[in-house]
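Single-letter residue listing:
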Amino acid sequence: MMNRRTLIQTLIAAVAQRLAAAPAAAVPARTKRLVLVTIGGIRRQESFSEKGIVNVPRLFNDLLPQSLFYPFTVNEGVTSHFNSIASILTGVWQHVDDWGSEKPAHPTMFHYLKAGRPADPNDCWVVTSNKQLTANISPGINVILAKQLLIEAVERIIMGQSSRKTLEREQLLQEMKAVLETDYERIGWGVPATSTFQDPTVKKTFVDALAGFIHGPTAPVSGDELTLTVGMEVLKRLAPSMLMMNFSDVEVAHSGSYSLHLGGIRRSDMLCHKLWQFIQASPDLKENTTLLIMNEFGRDPDGSSTNGFFNHRTDTETCRMAWSMLLGPAIRKPQVVERVVRQIDFAPSMGSWMGFETIKAAGAHLPEIVG
């Protein structure tokens, strides 16, 4: 595995192949949009290392050269999903129940964003594959567990709880629609008002997303792919100021399958690239949307008592050292930053760019981010 110096040289060389971008034109604060993607645990050895780059070819070859990249983003908090994501959103290390039964102990970026703007029920969204990210992640925002929607529909058909008897595509689509209509609380849906879900535009957003997923050119593969499909529909139709998506296919590592874990990493790589292409192809999003991609943490080292890649529990660099990538108008220029930064530094940095102050955040503003 390459050491830090060799890694930095490799990453800087990739950026150097692309001319430094001219400073982006100023974007009015009210029109700025942030798309935050968090990905479950990925070690450096399976991603940004000499042997790992094969698993992230689009992130490395296509996105990194045009990004602001922090290869050494440390998680100094609880290396678990809800706590890590809550820490990223609040700018303060969180130590709450990791199954989503408790709210973060500090305000999130969603809270700060909504506090300074007229009420808009569709301004903040979370579309996730992680069943822990219920509406408790932040009050008054829309949260939907896209992966759980798929699981719920499949289970209802298999268990004989539906009039539909097969997993044929159209039958599955109709069952997913039925779940949305009759039992949406079961899929973690959290809405700021009961009327939000009944909004025809919101309903059409999800029906169209489900139809595109089921009847797309390839067979439906994973919950993360459905998460992306729903997230892109939300961006296109509802135009929220802040959208968070979470990809968790990599967490199949807990089952002990290394090959499926690598498949999850490669799928995350593909989905992040597809999302950036989608943003760049939209005239309404291209000039004002920043994409922030963060893996939550690494995984335990090989040979550890916690079974290595299976888990993310150890106080080791392998587990605590993550990476972060930004693309879009919030970055001053494409570059690789060699110093270690903290995950809690991104809330105040992105808040500054978007025009709100994260007054209780403990993180520091990153000078490479416009603010």
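Data block above holds the structure.
Residues numbered from 1 in each chain as written. Predicted model: local features only at pLDDT ≥ 70, side-chain atom pairs only at ≥ 80, totals over all residues. Heavy atoms only, no water.

A. Main features of the side chain of glutamine 343. Within the fold, glutamine 343 resides in the loop between strand S9 (341-342) and helix H11 (346-354). For glutamine 343, the side chain forms a polar contact with the main-chain oxygen of glutamate 296, separated by 2.8 Å. (Helix = DSSP H or I, 4+ residues; strand = E, 2+ residues; numbered from the N terminus. Polar contact = N/O pair within 3.5 Å; in protein donor to acceptor, adjacent residues only side chain to side chain.)

B. Representation of the environment of phenylalanine 247. With respect to the element layout, phenylalanine 247 can be found in strand S5 (residues 242-247). Along the backbone, phenylalanine 247 and asparagine 295 are 48 residues apart, and their C-alpha atoms lie at a distance of 9.4 Å. Residues within four places of phenylalanine 247 in sequence aside, it is in contact with Val37, Thr38, Ile39, Gly40, Asp224, Thr227, Leu228, Ser268, Leu271 and Cys272. (Contact = heavy atoms within 4.5 Å.)

C. Region of interest: the environment of histidine 111. Tracing the sequence through the fold places histidine 111 in helix H4 (residues 109-115). The spacing of histidine 111 and cysteine 124 is 13 residues in sequence and 9.3 Å in space, taken between C-alpha atoms.

D. Here's a closer look at H11. Among the 9 residues that make up H11, 8 are buried, leaving the element largely enclosed by the rest of the structure. Every buried residue belonging to H11 is among Phe346, Ala347, Pro348, Ser349, Met350, Gly351, Trp353 and Met354, and all of these are buried. Among the residues trailing H11, glycine 355 stands out with phi positive, at a value near 105 degrees. (Buried < 20%, exposed > 50% of the residue type's maximum accessible area, 1.4 Å probe, protein only.)

E. Spatial organisation of the packing of aromatic side chains. Counted according to the given criterion, the structure contains 7 aromatic pairs. Ring geometry for phenylalanine 48 and tryptophan 323: centres 5.1 Å apart, planes at 80 degrees, overall edge-to-face. Placement of phenylalanine 48 in the loop between strand S1 (33-39) and helix H2 (57-63) and of tryptophan 323 in strand S7 (residues 321-327) is noted, with a sequence separation of 275 residues between them. Residue class for phenylalanine 48 comes out buried when judged on its relative accessible area of 1%. Judged by relative accessible area, which is 2%, tryptophan 323 ranks as buried. (Phe/Tyr/Trp six-rings, centres within 6.5 Å; stacked < 30°, edge-to-face > 60°.)

F. How the structure looks around the pairing of strand S3 (residues 124-128). Most of S3 sits out of view: 5 of its 5 residues are buried. By the alternation rule, side chains of S3 split into Cys124, Val126 and Thr128 and Trp125 and Val127, which are all buried. Across 5 bridges, the pairing between S3 and S5 is parallel. Each residue of the ladder has a partner; that of tryptophan 125, found in S5, is leucine 243. Strand direction decides the pairing type here: S3 and strand S4 (residues 142-145), joined by 4 bridges, are parallel. By the bridge assignment for S4, valine 126 is matched with valine 143. (Pairing = 2+ DSSP bridges.)

G. Here's a closer look at the packing of helix H6 (residues 169-182) against helix H7 (residues 200-214). The interhelical angle for the contact between H6 and H7, taken along N-to-C directions, is 155 degrees, at an axis separation of 10 Å. Classified by the angle their axes make, H6 and H7 are roughly antiparallel. Considering only the axes of H6 and H7, their crossing is right-handed. Contacts between H6 and H7 involve Arg169, Leu172, Leu173, Met176, Lys177, Leu180 and Glu181 from the first element and Lys203, Phe206, Val207, Leu210, Ala211 and Ile214 from the second. Of the residues assigned to the contact of H6 with H7, the class counts are 9 nonpolar, no polar and 4 charged. (Axes fitted to C-alpha atoms, helices over the stretch in contact; angles between N-to-C directions. Parallel < 35°, antiparallel > 145°, perpendicular 65-115°, else oblique. Left-handed = near helix turned anticlockwise from the far one by under 90°. Nonpolar A, V, L, I, M, F, W, Y, C, P; charged D, E, K, R; others polar.)

None of this, on its own, says anything about what the molecule does.
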